[in-house]
Amino acid sequence: MSQLLARKLGQQVVEIRSLPDNKRCFNCETLGTTYYVPQFSIFVCTQCSGIHMQFGQRVKSVTLAEYKSDEVEHMKEGGNQVAAYKYLARYTPDKDLKKPLDRYKPLVQAVQDMLQHYYGLTWATAASCHALKVCTMLHF
């Protein structure tokens, strides 16, 4: 990949991260996202990126990693708002786990619990499930 193309793709990644919904961590809502999780197509903070890595997920730095054209296209189709639609469609904070906050002491455990719900598609709907092609997991 040429340096010009790599620079252009890197700039697009920074622009996507600068969108209002991507400025806050998907997991804990901390202001300032520095990492991208391709599996969920979400932007997360430094602390939550480490938790995603503990789950064996690939995590990429927004500013230091090199991105391919198809990764940037996938990123444009995703982002925190789209992920919230997919993974949190039936999530109700009053009944389910509270979303962890950046100053919440057991942040690591809270984010780990949230990730288990994302994997299990606990709060997904049939529509979002079909979009993810994992309907058999929810018996839809």
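Keep in mind that what you see is a predicted model, and the values were worked out from it rather than measured. Think of each chain on its own: its residues are numbered from 1, step by step along the sequence as written. Given that this is a predicted model, residues contribute local features only at a pLDDT of at least 70 and side-chain atom pairs are listed and counted only at 80 or more, while totals for whole chains, interfaces and linings are drawn from all residues. Excluding hydrogens and water, the side-chain values take into account all heavy atoms of the structure.

(A) Spatial organisation of the sheet that holds strand S3 (residues 60-61). Strand order across the open sheet formed by three strands is S2-S1-S3, with antiparallel pairing between neighbours. The open sheet has two edge strands, strand S2 (42-44) and S3, and neither has a second partner. Of the pairings in the sheet, the one linking strand S1 (residues 35-37) to S2 comprises three bridges and is antiparallel in character. Bridge pairing links Tyr36 to Phe43 in S2. Across the face of the sheet, helix H2 (residues 46-54) comes into contact with S1 and S2 while running at roughly 120 degrees to S2. Between any two strands, pairing holds if DSSP finds at least two bridges. The numbering of helices and of strands both runs from the N terminus, where a helix is a DSSP run of H or I of at least 4 residues and a strand a run of E of at least 2. Residues are treated as being in contact if the distance between any of their heavy atoms lies within 4.5 Å. Axes here mean lines fitted to C-alpha atoms, for a helix over just the part in contact, with angles spanning 0 to 180 degrees between N-to-C directions.

(B) Up close: H2. By the burial criterion, the buried members of H2 are Cys48, Ser49, Ile51 and His52. Looking straight down H2, one finds its buried side chains confined to an arc of 160 degrees; they lie on one side. Phi turns positive, to about 80 degrees, at Gly56, one or two residues after H2. Working definition: with a 1.4 Å probe on protein chains only, accessible area under 20% of the residue-type maximum means buried, over 50% means exposed, and in between means partly exposed. The arc in question is the one traced by the directions running from the helix axis out to the C-beta atoms.

(C) Spotlight on the nonpolar core. Take the buried Ala, Val, Leu, Ile, Met, Phe, Trp, Tyr and Cys residues and link them wherever side-chain atoms come within 4.5 Å; each set so joined is a nonpolar core. Judged by nonpolar contacts, the single largest core of 14 residues is most densely connected at Cys25, Val37, Ile42, Val44 and Cys48. Listed by contribution, the elements that provide at least two residues to this core are S2 and helix H4 (80-87). In this structure, Val13, Tyr36, Val62 and Met75 belong to the second largest nonpolar core, which totals nine residues.

(D) Representation of the layout of surface pockets. Considering only enclosed or pocket space, the largest pocket measures out at about 160 Å³ in volume. In terms of lining, the largest pocket is formed by 11 residues, of which the most central are Asp21, Phe26, Asn80, Gln81 and Ala84. Just so you know the grouping, Ala, Val, Leu, Ile, Met, Phe, Trp, Tyr, Cys and Pro go in nonpolar, Asp, Glu, Lys and Arg go in charged, and all remaining residues, Gly too, go in polar. Of the residues assigned to the lining of the largest pocket, the class counts are five nonpolar, two polar and four charged. Cavities and pockets are defined on a 1 Å grid built over the protein atoms alone: a cavity is a set of grid points where a 1.4 Å probe fits but cannot escape, while a pocket is an open set with protein on both sides within 12 Å along at least five of seven lines, and lining residues are those with an atom within 4 Å of any such point. Grid points are joined across faces, edges and corners, and a volume is the space filled by probe spheres set on the points.

(E) Seen up close, unusual backbone geometry. Backbone geometry at Glu29 places phi at a positive 65 degrees, although glycine is not the residue there. Within the fold, Glu29 resides in the loop between helix H1 (3-17) and S1. Residue classification places Glu29 among the partly exposed residues on the basis of a relative accessible area of 37%. Even without being glycine, Ser41 reaches a positive phi, approximately 55 degrees. With respect to the element layout, Ser41 can be found in the loop between S1 and S2. For Ser41, a relative accessible area of 5% translates into the label buried.

(F) The arrangement of helix H3 (residues 69-77) in detail. Among the residues of H3, those classed as buried are Glu71, Val72 and Met75. Along the long axis of H3, the arc covered by the buried residues comes to 95 degrees, so they all point the same way. In H3, those exposed residues whose orientation departs by more than 90 degrees from the buried face are Asp70 and Glu77. Along its buried surface, H3 packs onto H1, S1, S2 and S3. Phi turns positive one or two residues past the end of H3, at Gly79, with a value near 105 degrees.

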